[in-house]
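# A closer look at the structure
Residue-level listing of the chains:
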Amino acid sequence: MDNSLFIVVTIFIVNILYVTIYTVRLLLTMKGYRYLAALSSVFEMIIYVVALSLVLDNLNNIANVLAYAIGFGVGIIVGMKIEERIALGYITVNVITKEYNLDLPNQIRDLGYGVTSWLANGRDGERMMLEILTQRKNERKLYKQIIEIDEGAFIVSSEPKQIHGGFWIKQVRK
């Protein structure tokens, strides 16, 4: 491998590392993992300086700039995939169903989830509303389980900013 190709490949790989760490650090910051985010930012900056200096020292080759830019894009994808795998935090899943006879709240409880349910009114009449708090890593599994019980259920999720009290509080604090 000649020197210019080595530099292009190095820039590409180093920038993937930089942006991957940057993406994960940003998500850690948003989730409130201050110290872990601060620690990762140290590595992020070291890698950033190395990658940027490689590009700036070799601006005469457009392949270096392209490697930097493409590495940036790939790094975002890799960082997001890592964060999906880690799945930090909790989500609140809201389910709306018209199928009262399925006893969806108790079926979901039997699967190990905490469920709060109440009567709601929609455009087409009465509905049952369920609110479920779960770890993000269980999100897809929970969606699948709900759909297996009631394929017509309306499901939407969001990430709670703070959690206090209730069924899950001891689990959340662990």
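This one's a predicted model, so the numbers in the text were calculated from it and none came from an experiment.

### Points about the nonpolar core
- Counting 15 residues, the largest nonpolar core has Val93, Val95, Ile108, Ile132, Leu142 and Ile146 as the members making the most contacts within it.
- Among the elements of the structure, strand E1 (90-97), helix H4 (104-110), strand E3 (125-135) and helix H5 (139-149) are those that each provide at least two residues to this core.
- Contact partners of valine 93, with chain neighbours within four places excluded, come to Leu130, Glu131, Ile132, Leu142, Tyr143, Ile146, Ile155, Val156 and Ser157.
- Ile7, Ile47, Val55 and Ala67 belong to the second largest nonpolar core, which has 11 residues in total.

### A short note on the packing of helix H1 (residues 3-31) against helix H2 (residues 34-57)
- Contact geometry of H1 with H2 gives a least axis separation of 8 Å together with a crossing angle of 155 degrees. On the basis of their axis angle, the class for H1 and H2 is roughly antiparallel. The crossing of H1 and H2 is left-handed.
- Each residue belonging to the contact of H1 with H2 can be placed in one class, and the counts come to 17 nonpolar, five polar and two charged.

### So, the pairing of E1
- The element E1 is largely enclosed, with a buried count of seven among its eight residues.
- Judged from the five bridges that link them, E1 and strand E4 (residues 154-158) form a sheet pairing that is antiparallel. Residue pairing for E4: valine 95 is matched across the bridge by isoleucine 155.

### Observations concerning H5
- Restricting attention to buried positions, one finds in H5 the residues Leu142, Gln145, Ile146 and Ile149. One side of H5 carries all its buried residues, which in axial view fall inside an arc of 100 degrees. The exposed set on the far side of H5, more than 90 degrees from its buried face, consists of Arg140, Lys144 and Glu148.
- Tucked into the core, H5 has its buried residues touching E1, H4, E3 and E4.

### Some points on the sheet that holds E3
- The strand order across the open sheet built from four strands is E2-E3-E1-E4, with neighbouring strands paired in antiparallel fashion. A strand with exactly one partner marks an edge of an open sheet, and here the two such strands are strand E2 (114-122) and E4. Within this sheet the neighbouring strands show an average axis-to-axis angle of 20 degrees, counted without direction.
- As paired elements, E2 and E3 share nine bridges and run antiparallel to each other. Among the inter-strand pairings, valine 115 is bridged to a residue of E3, identified as isoleucine 132.

### Some details on the packing of H1 against helix H3 (residues 62-86)
- Direction vectors running N to C along H1 and H3 enclose 35 degrees, while the axes themselves pass 6 Å from each other. The hand of the H1/H3 crossing is right-handed.
- Broken down by class, the residue content of the contact of H1 with H3 amounts to 19 nonpolar, eight polar and two charged.

### Overview of the UniProt feature "domain: DUF2179" (unreviewed entry) in the chain
- UniProt records the feature "domain: DUF2179" (unreviewed entry) for residues 113-165 in the present numbering.
- For the annotated span residues 113-165, helix accounts for 21% and strand for 47% of the residues, and the straight-line distance between the end C-alpha atoms is 15 Å.

Cut-off values and rules
- Residues numbered from 1 in each chain as written.
- Predicted model: local features only at pLDDT ≥ 70, side-chain atom pairs only at ≥ 80, totals over all residues.
- Heavy atoms only, no water.
- Core = buried A, V, L, I, M, F, W, Y, C linked by side-chain atoms within 4.5 Å.
- Buried < 20%, exposed > 50% of the residue type's maximum accessible area, 1.4 Å probe, protein only.
- Helix = DSSP H or I, 4+ residues; strand = E, 2+ residues; numbered from the N terminus.
- Contact = heavy atoms within 4.5 Å.
- Axes fitted to C-alpha atoms, helices over the stretch in contact; angles between N-to-C directions.
- Parallel < 35°, antiparallel > 145°, perpendicular 65-115°, else oblique.
- Left-handed = near helix turned anticlockwise from the far one by under 90°.
- Nonpolar A, V, L, I, M, F, W, Y, C, P; charged D, E, K, R; others polar.
- Pairing = 2+ DSSP bridges.
- Arc of directions from axis to C-beta.
- UniProt positions renumbered as here; feature names shortened; annotations may be inferred.

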